[in-house]
Amino acid sequence: MKRTLPSAVLLALLSLVPALAATGDSSNSYVRVEGNDFRSSVRFEESTRLVRVPTFMLMERPVSNRDFATFLARQPQWRRDRIPAVFASPGYLGHWPDAEGPAAGVQADAPVVHVNWYAADAYCRDQQARLPSFIEWEFAAAADATRLDARDDPAWRMRLISDGTQRAMDAAADAVPNAYGIRGLHGAYWEWTEDFASLLGDGDRRGQQDGDALRYCGATALSFYDPGDYGVVKRFVLLSALQPNATLGNLGFRCARSTP
């Protein structure tokens, strides 16, 4: 009979990650995203379409292979050859030739991928940060280079339908910061969010079933206000289908911090 790790034990294990000084990555600063009322494209139960997003800080770029290797040097228990079985997954960091970090053939400054939710969460905890909620990601990702909300522009929306055949174009576009000064929110690399496990309201797949205790912004989403918002819809559908130990070749992450 399959046994599930008790949620209290699971969360206790996650809390073992030491809280170090919040120095951040030398090459990846946090950008302030001023909060505001936001017209979400996702329909959430017990909320209206207009959502209040508090001010928060978000990493300028996704976490890179180099950044994650530095984290593993401090927290070697998250190496693929040492990670506890409860957090492990077959593809975890499988693209790295060496368990210690990216070797020849892996770009050190490229976003780290094949990282599961557990490891992404641990990295952000080590930064005295957290993964962003889905509504925070959607809020920041609505901006283009000059507008805080470019979603009414059909030409800008069409670029977000891109697939793997357009990675070069996406990489060039993502080199330009958006109006907040954030890079890489669209294109070849997608990102974990803190509340991915509750986006469809089917309980928390990380081991805890009490949804009321989680207070996730993305809990119990029912449908979309705007199915034409492709950049949000395709990411929402992907994340809501994942398990926390899943890894993908185009799925990375960045960290966020709340502001006082």
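Described below are features of the structure shown in this document. From a predicted model like this one, the values you see are computed outputs, not experimental measurements.

### Considering the state of the cysteines
Should the sulfur atoms of two cysteines be covalently bonded, the bond is a disulfide.
Consideration 1: Taken as a whole and assessed by the stated rule, the structure comprises 1 disulfide.
Consideration 2: Residue pairing for cysteine 124: its cysteine sulfur links by disulfide to cysteine 255, the two sulfurs lying 2.2 Å apart. Since a negative S-S torsion denotes a left-handed disulfide, the cysteine 124-cysteine 255 link at about -90 degrees is left-handed. Residue cysteine 124 is found in helix α3 (residues 117–126), and its partner cysteine 255 is found in the loop between β8 (251–252) and β9 (256–258); the two are separated by 131 residues along the sequence. Assigned by exposure class, cysteine 124 and cysteine 255 land together as buried.

### Here we look at the pattern of salt bridges
Consideration 1: Throughout the structure, instances matching the rule amount to 17 salt bridges.
Consideration 2: Taking the shortest distance from any N to any O, the salt bridge between arginine 66 and aspartate 109 comes out at 2.9 Å. Highlighted residues: arginine 66 in helix α2 (residues 65–74) and aspartate 109 in the loop between α2 and α3, separated in sequence by 43 residues.
Consideration 3: For glutamate 138, the salt bridge is made with arginine 151, and the minimal N-O distance between the two is 3.7 Å. Note that glutamate 138 is positioned in helix α4 (residues 134–141) and arginine 151 in the loop between α4 and α5 (154–159), a separation of 13 residues in sequence.

### Focus on the sheet that holds strand β1 (residues 30–33)
Consideration 1: Read across the sheet, 3 strands follow the order β1-β5-β9 without closing on themselves; strand pairing throughout is antiparallel. At either margin of the open sheet sits one strand with a lone partner, and together these are β1 and β9. Taken over all neighbouring pairs, the strand axes of this sheet differ in orientation by 25 degrees on average, direction set aside.
Consideration 2: Here β1 runs beside strand β5 (residues 56–59); their pairing, made up of 4 bridges, is antiparallel.

Calculation criteria
- Residues numbered from 1 in each chain as written.
- Predicted model: local features only at pLDDT ≥ 70, side-chain atom pairs only at ≥ 80, totals over all residues.
- Heavy atoms only, no water.
- Disulfide = S-S within 2.5 Å.
- Helix = DSSP H or I, 4+ residues; strand = E, 2+ residues; numbered from the N terminus.
- Buried < 20%, exposed > 50% of the residue type's maximum accessible area, 1.4 Å probe, protein only.
- Salt bridge = Lys/Arg side-chain N within 4 Å of Asp/Glu carboxyl O.
- Pairing = 2+ DSSP bridges.
- Axes fitted to C-alpha atoms, helices over the stretch in contact; angles between N-to-C directions.

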